Amino acid sequence: MNTYLPYLIMGAVIVAFYVAERRSPQMVTRFEENVLAVILALITIVSFVQVIARYGFNSGWTGALEFTRILFAWMILFGMSYGLKQGMHLGVDALLRLFPKRVFRFFAIFGAVCAFLYAAILIESAWLGIFGANTRGGAMVYWSKMYQIGIGLDDLRYPEWMQDNLGVKERVQRWIAYLILPIGLGLFGFRALQAIGAIWRGDRELIIAGHEAEDLVAENRNVLKD
């Protein structure tokens with residue numbers, strides 16, 4: 001059961017996002033933006049309070065650094081799927097735009113497929129064995145091990161009242177902090193599949209936000225006139 005648990009979590013989140021987007025795409029977008037905004041706000045607040053406490057009162061929270069580091073990882077892994085959805089990832093498209101429309105679309109789809117394969121490899125690399133690669137690992141294997149072993153984080157500890165009243169362990173479990181691995185990578189792969197379909201239908205050009213060719217032409221439009 002532990003082996004399939006991260007896949008169940010990932011699948012449940014993807015299905016929830018898919019169903020919610022079918023009903024209200026704007027609601028899902030606002031949810032993603034709010035999650036990222038809250039994480040960024042927490043990182044800022046904790047870091048600011050920690051600086052004041054350390055240099056103003058010679059004290060501080062021992063778990064602040066680990067907490068902000070985990071939040072930063074959550075922001076990246078959750079935000080990369082939102083960035084792919086919104087076309088925010090940077091890229092170079094100057095060469096691609098020199099090709100005919102059909103060739104351009106082929107490479108655009110190829111780029112989206114590569115993004116999906118990137119997520120698939122990070123999730124679980126054992127499937128590469130069909131190409132002769134002798135490898136096994138990935139986020140799912142790592143998360144499952146953390147869940148089975150039950151190792152706690154280095155500095156993040158539950159308050160004493162939670163330990164006494166709820167019977168939780170002293171340190172926050174690593175598998176809780178690393179839940180973003182199946183969630184973030186699963187959503188990234190899901191957004192990549194959506195991008196493949198959108199490019200195929202002609203609803204989207206690329207998965208990147210790069211328009212270097214157009215920007216360069218716009219910036220130098222009057223150079224020859226001068």
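These numbers come from a predicted model, not from an experiment. (Residues numbered from 1 in each chain as written. Predicted model: local features only at pLDDT ≥ 70, side-chain atom pairs only at ≥ 80, totals over all residues. Heavy atoms only, no water.)

1. Some words on the side chain of Lys85
Move 1: As for its placement among the helices and strands, Lys85 is situated in helix 3 (residues 64-86).
Move 2: Among the polar contacts made by the side chain of Lys85, one reaches the side chain of Thr29 at a distance of 2.8 Å. (Helix = DSSP H or I, 4+ residues; strand = E, 2+ residues; numbered from the N terminus. Polar contact = N/O pair within 3.5 Å; in protein donor to acceptor, adjacent residues only side chain to side chain.)

2. As for the environment of Gln173
Move 1: With respect to the helices and strands, Gln173 occurs in strand 2 (residues 171-173).
Move 2: Separated by twelve residues in the primary sequence, Gln173 and Trp161 have C-alpha atoms spaced 17 Å apart.
Move 3: Leaving out residues up to four positions away in the same chain, Gln173 has contacts with Gly150, Ile151, Gly152 and Leu153. (Contact = heavy atoms within 4.5 Å.)

3. With respect to helix 1 (residues 5-23)
Move 1: Between its first and last C-alpha, helix 1 extends 27 Å over 19 residues, near the 27 Å set by a 1.5 Å rise per residue.
Move 2: Listed in full, the buried residues belonging to helix 1 are Leu5, Pro6, Met10, Val13, Ile14, Phe17, Ala20 and Glu21.
Move 3: The inward-facing, buried residues of helix 1 contact helix 2 (25-57), helix 3, helix 4 (101-123), helix 5 (139-149) and helix 8 (180-201). (Expected span 1.5 Å × (residues − 1). Buried < 20%, exposed > 50% of the residue type's maximum accessible area, 1.4 Å probe, protein only.)

4. Focus: the pattern of salt bridges
Move 1: Evaluated as defined, the whole model comprises nine salt bridges.
Move 2: Between Arg69 and Glu66 there is a salt bridge whose closest N-O contact spans 4.0 Å. One end of the pair, Arg69, and the other, Glu66, are both in helix 3, three residues apart, so they sit about a helical turn from each other.
Move 3: In the salt-bridge network here, residues are joined through shared partners; they are Glu21, Glu32, Lys85 and Arg191. (Salt bridge = Lys/Arg side-chain N within 4 Å of Asp/Glu carboxyl O.)

5. As for unusual backbone geometry
Move 1: In this structure, Asn58 takes a positive phi of about 55° despite not being glycine.
Move 2: Inspection of the secondary structure assignment puts Asn58 in the loop between helix 2 and helix 3.
Move 3: With relative accessibility at 72%, the residue Asn58 sits in the exposed group.

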